[in-house]
Amino acid sequence: MSMQSMPNGLARWRDRWVEAALSGDRSGAMAALDAALGEGRDPREVLEAVIGAGQAEIGRRWARNEATVAQEHMATAIAHVGLTRIHASARGPHPGVGRIVVACVAGEQHGFPALLLADRLDLEGLDVRYAGADVPLGCLGALVADLDPDVVALSVTLGTNLPALDEAVAVVRRNAPRASIFAGGAGCPAARARALGVSPGADTVPETVALLSQAARLGAARSQPREGA
């Protein structure tokens, strides 16, 4: 999220989050998050503008050698705690309409971007199942066959994992033929997704959430009622 599009007042909490997370100060990071939530903000907005934008800034610093691998790992661990805190602040149950499976392709160890997307979709009121990082092909096939999702979102952060995306798409098509498939992440160009005959993610988290939400709800409307949803 750019500074121009960031909601008023949240940039300061993002900056405090970044500095605390990079130093491994979990209490300080949670204090920044709680302050943002305490302003009466929508939890979805705080997730994107504080944790999401904060982690993106940490990634940029790492790429410029302004943050170490250890600092990036500490910050990501703290971000997992922050996502749990966001969920605890969300108001009441949601209907869980439209089932989405979010998974990282085999070999992809960078699970946080996919987790952030899954949590954001969950807050949107969808039935989301996050499979985690580095999901083996056999496990992915069994999972989607069992869950019969409306949408499967596959995440690729490193371009070296693109061959695994090709295999994952084939496995999903065999085991969940009615599911709409999306592929995205920093390592997945939109052209590669389209070449596989699947939908690419959008440029921003809110736009991607809107695309997946619409596809999931359309799929749910077309499908028969499920047991054990």
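Chemist: Help me understand the confidence of the model for the protein, please; the structure alone is not making it clear to me.
Modeler: It should be kept in mind that the predicted coordinates are not to be read in detail where pLDDT is low. Of all residues in the protein, 91% have pLDDT values of 70 or greater, and the mean over the chain is 90. For the stretch residues 1-5, pLDDT sits under 50, and the model shows 7 contacts to residues farther than four places along the chain or on other chains.

Chemist: Just checking my understanding: could you explain helix 7 (residues 162-175) for this structure?
Modeler: Three- or four-residue spacings in an α-helix give side chains the same orientation, since the helix completes a turn every 3.6 residues. An ideal rise of 1.5 Å per residue puts 20 Å on 14 residues; helix 7 measures up with 20 Å between its terminal C-alpha atoms. Residues of helix 7 that are buried include every one of Leu 162, Ala 164, Leu 165, Ala 168, Val 169, Val 171 and Val 172, and no others. Taken end-on, helix 7 shows its buried residues confined to a sector of 165°, consistent with a single buried face.

Chemist: How should I be thinking about the pattern of salt bridges in this particular structure?
Modeler: One side chain can pair with another of opposite charge once the charged atoms of both are near each other. Evaluated as defined, the whole model comprises 19 salt bridges. Measuring nitrogen to oxygen at the nearest pair gives 3.0 Å for the salt bridge that ties Glu 57 to Arg 61. Taken together, the positions of Glu 57 and Arg 61, both in helix 3 (residues 43-63) and 4 residues apart, correspond to about one turn of that helix. The residues Glu 57 and Arg 61 share a single accessibility class, namely buried. Two residues, Arg 192 and Asp 166, come together in a salt bridge whose shortest N-O distance is 3.1 Å.

Chemist: What is the right way to read the environment of His 110 from this model?
Modeler: Tracing the sequence through the fold places His 110 in the loop between strand 1 (99-104) and helix 5 (112-123). In this structure the C-alpha to C-alpha distance between His 110 and Val 69, which are 41 residues apart in sequence, comes to 13 Å. Residues contacting His 110, with those up to four places away along its chain left out, are Cys 104, Thr 157 and Leu 158. At 3.1 Å, the side chain of His 110 forms a polar contact with the side chain of Glu 108.

Chemist: Just to check I follow, could you spell out the sheet that holds strand 1 for this structure?
Modeler: Either a parallel or an antiparallel arrangement is found when strands of a sheet pair, and the pairing is made through backbone hydrogen bonds. Ordered by their spatial adjacency, 5 strands build an open sheet running 2-1-3-4-5, and the pairing between neighbours is parallel. Every interior strand has two partners, whereas the edge strands, strand 2 (127-132) and strand 5 (199-200), have only one. The pairing of strand 4 (residues 180-184) with strand 5 spans 2 bridges and is classified as parallel. Paired with Ala 183 across the strands is Pro 200, a residue of strand 5.

Chemist: I tried to follow the layout of surface pockets on my own but got confused; where do I start?
Modeler: Gaps left between atoms are located by rolling a probe of water-molecule size over the structure's atoms. Within this model, the largest pocket holds a volume of roughly 1400 Å³. As for the largest pocket, its lining consists of 47 residues, of which Ala 56, Pro 113, Thr 157, Gly 185 and Ala 186 are closest to the centre. The greatest single-element share of the lining of the largest pocket, amounting to 8 residues, is contributed by helix 3. When its residues are assigned to classes, the lining of the largest pocket shows 26 nonpolar, 18 polar and 3 charged.

Cut-off values and rules
- Residues numbered from 1 in each chain as written.
- Predicted model: local features only at pLDDT ≥ 70, side-chain atom pairs only at ≥ 80, totals over all residues.
- Heavy atoms only, no water.
- pLDDT = per-residue confidence, 0-100.
- Contact = heavy atoms within 4.5 Å.
- Helix = DSSP H or I, 4+ residues; strand = E, 2+ residues; numbered from the N terminus.
- Expected span 1.5 Å × (residues − 1).
- Buried < 20%, exposed > 50% of the residue type's maximum accessible area, 1.4 Å probe, protein only.
- Arc of directions from axis to C-beta.
- Salt bridge = Lys/Arg side-chain N within 4 Å of Asp/Glu carboxyl O.
- Polar contact = N/O pair within 3.5 Å; in protein donor to acceptor, adjacent residues only side chain to side chain.
- Pairing = 2+ DSSP bridges.
- 1 Å grid on protein atoms, 1.4 Å probe; cavity = no way out; pocket = protein on both sides within 12 Å on 5 of 7 lines; lining within 4 Å.
- Points joined across faces, edges and corners; volume = space filled by probe spheres on them.
- Nonpolar A, V, L, I, M, F, W, Y, C, P; charged D, E, K, R; others polar.

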